[in-house]
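Spelled out, the chains give:
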Amino acid sequence: MTQITLILILVAVVFVTMAAILRRYRRCPSDKILVIYGKTGRRSSAKCIHGGAAFIWPVFQDYAYLDLKPISIECNLTNALSKQNIRVDVPCRFTVGISTEPEVMTNAAERLLGLSTDNIQSIATDILFGQLRLVIATMDIEEINADRDKFLASVSANVEAELRKIGLKLINVNVTDIRDESGYIEALGKEAAAKAINDAKKSVAEQNRYGETGKANADKDTRVNVAAADADAVKGENNAKIEIANSDALRRQKTAEADRLAVAAEKVQAAKALQEAYQSERDAELARAEREQATQKANIVVAAEIDKEKKIIEAEAEAEQARRKAKGEADAIYAKMDAQARGLFEILTKQADGFKSLVTAAEGDAQKAVLMMIADKLPELVKTQVEAVKGINIDKVTVWDTGSGENGKTATSNFISGMMKSVPPLEDLFKMAGMELPSYLKGKAAPEEQQPADEK
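From a predicted model like this one, the values you see are computed outputs, not experimental measurements.

1. Focus: helix H5 (residues 148-164)
And step 1. Helix length check: H5, at 17 residues, gives a terminal C-alpha distance of 24 Å against a target of 24 Å (1.5 Å per residue), a fit within 8%.
And step 2. Residues Phe-151, Val-155, Val-159 and Leu-163 constitute the buried set of H5. The buried residues of H5 all sit within an arc of 80° when viewed along its axis, so they share a single face.

As structure tokens, this is what we get:
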């Protein structure tokens, strides 16, 4: 029983293994490309298979498909500039698809794998528009309109080279119609049609003339031969010959008149054809002159507008620079004033703190604190008073002194005393500052010392 169980388990394992292997074996349909990516063992980033099968190693490899169905792209190119600087409209329809060439398939796997058909169509459309404009810019209107094979060959060559870079190939290109905004192609068509009609009319007239002339010559020969035979047979038919000759002369006259009318008609038609051709050329030249005038006007107006915008931008830039410079100067002045204010605030704050400490040291008596500050500044005050008369240069002093004066003072002593009184005393300086000079600096005794002796 155990052996049967082991055999069943072994068979189940083999069956599961084979099923897993078969699930990893992928076949590629004919309308797709099998792209194997991951560890491919090759220098390229992916392995592409078309029309075959391959085994996909689990974990190390994975796969995806690229669709080979053709993609139809409509490129209605407008305002494309030709070699003659004439803008034309070239509506085209391109049919592209992913290429099956080995190198191009690799490009498709690297650039288009995972993209939808709309995305591929959008990328191809950009390439087609660019190459179509490039081809039109290298050809004249006559070449594009008359030699369609050359135009299509140039488009196919340029487009094919660019499409190969992303893994696509050009299947077909069809140009439906070519138009230009100046009517140049239409004028060429009218000229060709008029020329063909005139050539046909001329050919018909020539053939009619040749036919009538040949018929007349044949009739003449027949009648001459018959007349000669009749003359040999019957001399009496001379009168008939004369009548026949007269009739022939009249017929030839009519034939000549008809030929003259035919030639005149041909010349009239040729003149009309030339007139129409000249009219078409004149219209084309007028259209070209209008286009040149518009081009010159656009160049001048656009240049003037550009110069105007440039000057406006430069003026705005100068104004902005002036505003920024003024703002910078204002910021600098503000910063300087702010710094000065901060410095003054710090000085005043420190002075206030010092004065507060001085009052604290004077046991809270502000008067004593002031006295301490005055005592500290007293040498400077005295020096200031001395400096007031120090710089006076007295070159010569003449005094008329009689030797007598009030209180025993002489004129000389009064002069010196008056000069010293011109210097403000300390008491006046303190009063001007709103303070009171201490009594001991006035040279007076304190209130207690001025009391009468008997009160002591």
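Okay, back to it.
2. Re a nonpolar patch on the surface
And step 1. Residues Leu-10, Val-14, Met-18 and Ile-21 make up a contiguous nonpolar surface patch of about 360 Å² in total accessible area.
And step 2. As for its position among the elements, Met-18 is in helix H1 (residues 2-23).
And step 3. Note on Met-18: relative accessible area 43%, which makes it partly exposed.

3. Considerations on the pattern of salt bridges
And step 1. Applying the stated criterion across every chain yields a total of 14 salt bridges.
And step 2. A salt bridge links Glu-257 to Arg-260, with the nearest nitrogen and oxygen atoms 2.2 Å apart. One end of the pair is Glu-257 and the other is Arg-260, both in helix H7 (residues 238-361) and three residues apart, which spans about a single turn.
And step 3. In this structure, Glu-285 engages Arg-288 in a salt bridge whose closest nitrogen and oxygen atoms are separated by 3.7 Å. Of this pair, Glu-285 and Arg-288 both sit in helix H7, separated by three residues, roughly a single helical turn.
And step 4. Here the salt bridges do not stand alone but share partners, grouping Glu-320, Arg-323 and Arg-324 into one network.

Criteria and thresholds
Residues numbered from 1 in each chain as written. Predicted model: local features only at pLDDT ≥ 70, side-chain atom pairs only at ≥ 80, totals over all residues. Heavy atoms only, no water. Helix = DSSP H or I, 4+ residues; strand = E, 2+ residues; numbered from the N terminus. Expected span 1.5 Å × (residues − 1). Buried < 20%, exposed > 50% of the residue type's maximum accessible area, 1.4 Å probe, protein only. Arc of directions from axis to C-beta. Patch = residues over 30% accessible without salt bridge, like charges linked within 9 Å, V, L, I, M, F, W, Y side chains within 5 Å. Areas by Shrake-Rupley, 256 points an atom, 1.4 Å probe, with all protein chains shown as cover. Salt bridge = Lys/Arg side-chain N within 4 Å of Asp/Glu carboxyl O.

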